[in-house]
Structures are given as C-alpha cells and as structure tokens.
Amino acid sequence: MIFVALFMGMQFVVQFILGKIPAFIALGNQAQSGTITPAFGFIAEFTQTVLAFLAAFIMSRIEKRSWFSYGIPLEGAFGKLFWRGIVWGLALVSAEILLMYALGGFSFGGLALSGIAIVKYAAIWGFIFLLVGISEEFLYRGYTLFTLATGMGFWPAAILLSLLFGAVHLSNSGEDWIGALSVVLFALFACFALRRTGNLWFAIGLHAAGDFAETFIYSVPDSGMIATGHLLNSSCHGPRWLTGGSVGPEGSALDFVCTLLALALFSRLYPAKKTESVQIAPAQ
C-alpha cells in the first residue's frame, strides 16, 4: 500500500503539471479518442517507468533490500532471455495475424511509410514499446507481485494482479471485456514466464515485441488503441470473433488459441526446476 501510494501520489503530481501544458492536453485528448502519437507515447511511458522505479527504490531503502531483487536483476539485463522474449512476442503476434489473413479477416494493404520514415518510426515505436514492456511488467509483475507473493503466495497474487491489469485496460477507447480477458491471459503467461525463468527479462521482451508487432508492423489496434506512424495501410474485416472488432487482434478468438498454445510450448521448453521461484535477494 505504501508503494501504491507513492506511485499514485507522484503520478498525480506529474499529471497535474502536464495538465497545465496546452500541447500535452491536446495529445491527451487525442489519446482519449483512441489514437496515440509517438510524443504522447514517449512522455506517458517514460514517466510511468521513472515513477515505478523511483517508488520501488524508496521501498527498497525501507525494506533494506536490493532494488534488483524485484524481478529485474542487473545480471542478464537485455541478455538471452530478453531477446528470446522478443522472438516469442514477434512470433506470437505474427502467427495470429497470418491465421487471420488465411481466414479472410486481414488485409496487409500497401506501405503507409517509405524510405527513412520506416526506419525513423520503427526506432521510435521500438523504444516506446520497450518502455511499455519495462514499466508494465515491473508495475504488475515486479515489486507488487514480489511483495504480495510473500504474504499470500505466488499464484494467488499473480491472479489478482493479472485481473487488475486486465481491468485497467478497460479504460482504453475501443477496449471491451473480451479484450480485457485476453490481457488477463497474457498477464498470466508473463507471470508463468517469471516463475519459470526467475526474472522479468523474458516477459519484458515478449510484451515489448508483441505490442510493437501489433501497433507498428501489422498496424492494427492494440487494446483498442491505434497509433500514428505505423508501417502498413492494413485492415481487418469479417466477424468480430475473428478480427476482434475495435479491440484489434487481442479481442479475437485466435488470440486466446495462440496464447494458450504458446503457453503450452513455453511450459515444455522451460520445465519447472526443483525450486521454481523468483530470484529473491535477502534483506540487508
């Protein structure tokens, strides 16, 4: 509760300050309508990442623990697990889109960008979604999961925070309860990856790459949000169960199928160890 109070208190102060800036107000109004720009995405995600890290750092001083004990150890940072997560995230979304295409629910269209603009926006959105992966994984499966798990057990805490993660997405324009359930399933996958690998680096890569693939590469709505500066003039068409409607592929039945298959495959490739647990640094 102290962590939540710290994070939300600092977030309130930052939002109050940004709310006095006309340019940011315009970006925020655009995001509320369902369209995010690189400028808004960077400000929002960079701020959330810094505040989450700062709140956890304060708690680490109170609890006399290393900050790196909360799921993001310095050892292995952006290492093999992270890049494997990147590959899995790209593969998972690509498989879903290709299945949708095969069933007549997706058209690639032509390129919406050309030349240097492709490289520019790929780099911008790649960095923004890296921040998304880091901030959201740390907020919901870092400090909070680490702390709740010590009191109520790993999986009860994981389920509770995954439900909260899905509920938060309902505030997105274009999101619905089916899309929110898809987000919950993804969150449980990320929790399972944390449990099996011992840290968040795989989940961060998975999260960042999945959002990047949806938003930039395949240029479809992501949890009801669309972005400016995407790669394709793609379109989804057909029944809602296939395309996800305004939610995007996350609201499609294919998303549940692909995520469950990916979860089953991950379970086989990353078997449980004798002591399956998150890496925990002792109090100092």
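Relevant structure appears above.
Residues numbered from 1 in each chain as written. Predicted model: local features only at pLDDT ≥ 70, side-chain atom pairs only at ≥ 80, totals over all residues. Heavy atoms only, no water.

S.K.: Hey, could you run me through the nonpolar core in this one?
M.R.: A general feature of soluble globular proteins is that nonpolar side chains tend to end up buried together. Judged by nonpolar contacts, the single largest core of 48 residues is most densely connected at Phe138, Leu145, Phe202 and Phe266. Sort the elements by how many residues they give to this core and helix 8 (residues 177–197) lands first, with nine residues. Contact partners of Phe138, with chain neighbours within four places excluded, come to Ala52, Phe53, Ala56, Trp67, Tyr70, Ile72, Tyr143 and Leu200. Listed in part, the 17 residues of the second largest apolar core include Leu27, Leu113, Phe129 and Leu232. (Core = buried A, V, L, I, M, F, W, Y, C linked by side-chain atoms within 4.5 Å. Buried < 20%, exposed > 50% of the residue type's maximum accessible area, 1.4 Å probe, protein only. Helix = DSSP H or I, 4+ residues; strand = E, 2+ residues; numbered from the N terminus. Contact = heavy atoms within 4.5 Å.)

S.K.: Looking at this model, I keep getting lost on the environment of Leu27. Mind explaining?
M.R.: With respect to the element layout, Leu27 can be found in helix 2 (residues 22–32). Separated by 24 residues in the primary sequence, Leu27 and Phe3 have C-alpha atoms spaced 28 Å apart.

S.K.: Explain helix 1 (residues 2–18) here, please?
M.R.: Structural remark: α-helix, 3.6 residues per turn; residues separated by three or four positions point the same way. Along its 17 residues, helix 1 runs 24 Å from first to last C-alpha, staying within 8% of the 24 Å computed at 1.5 Å per residue. Residues of helix 1 that are buried include every one of Phe3, Phe7, Met10 and Leu18, and no others. Along helix 1, the residues classed as buried sweep out an arc of 80 degrees about the axis, all on the same side. Within helix 1, the exposed residues directed more than 90 degrees away from the buried face are Ile2, Ala5, Phe12 and Phe16. In this structure, the buried side of helix 1 is in contact with helix 2, helix 3 (38–63), helix 5 (116–141) and helix 6 (143–152). (Expected span 1.5 Å × (residues − 1). Arc of directions from axis to C-beta.)

S.K.: Before we go on, may I ask you to explain the packing of helix 3 against helix 5 in this structure?
M.R.: Geometrically, a packed helix pair is captured by the angle between its two axes and the distance between the axes. Closest axis-to-axis distance for the helix 3/helix 5 pair is 9 Å, and the angle between their directions is 30 degrees. By the angle between their directions, the pair helix 3 and helix 5 is classed as roughly parallel. Here helix 3 and helix 5 pass one another in a crossing that is left-handed. Between helix 3 and helix 5, the contacting residues are Pro38, Gly41, Phe42, Glu45, Phe46, Gln48, Thr49, Ala52, Phe53 and Ala56 on the first element and Tyr121, Ile124, Trp125, Phe127, Ile128, Leu131, Val132, Ile134, Ser135, Glu136, Phe138 and Leu139 on the second. Of the residues belonging to the contact of helix 3 with helix 5, the class tally is 16 nonpolar, four polar and two charged. (Axes fitted to C-alpha atoms, helices over the stretch in contact; angles between N-to-C directions. Parallel < 35°, antiparallel > 145°, perpendicular 65-115°, else oblique. Left-handed = near helix turned anticlockwise from the far one by under 90°. Nonpolar A, V, L, I, M, F, W, Y, C, P; charged D, E, K, R; others polar.)

S.K.: Just checking my understanding: could you explain the layout of surface pockets for this structure?
M.R.: A probe as big as a water molecule, rolled over the atoms, marks out the empty space that is left. Quantified by volume, the second largest pocket comes out at close to 180 Å³. Only helix 4 (80–102), helix 5 and helix 9 (201–217) provide two or more residues apiece to the lining of the second largest pocket. Classifying every residue of the lining of the second largest pocket by side-chain character gives 10 nonpolar, one polar and no charged. (1 Å grid on protein atoms, 1.4 Å probe; cavity = no way out; pocket = protein on both sides within 12 Å on 5 of 7 lines; lining within 4 Å. Points joined across faces, edges and corners; volume = space filled by probe spheres on them.)

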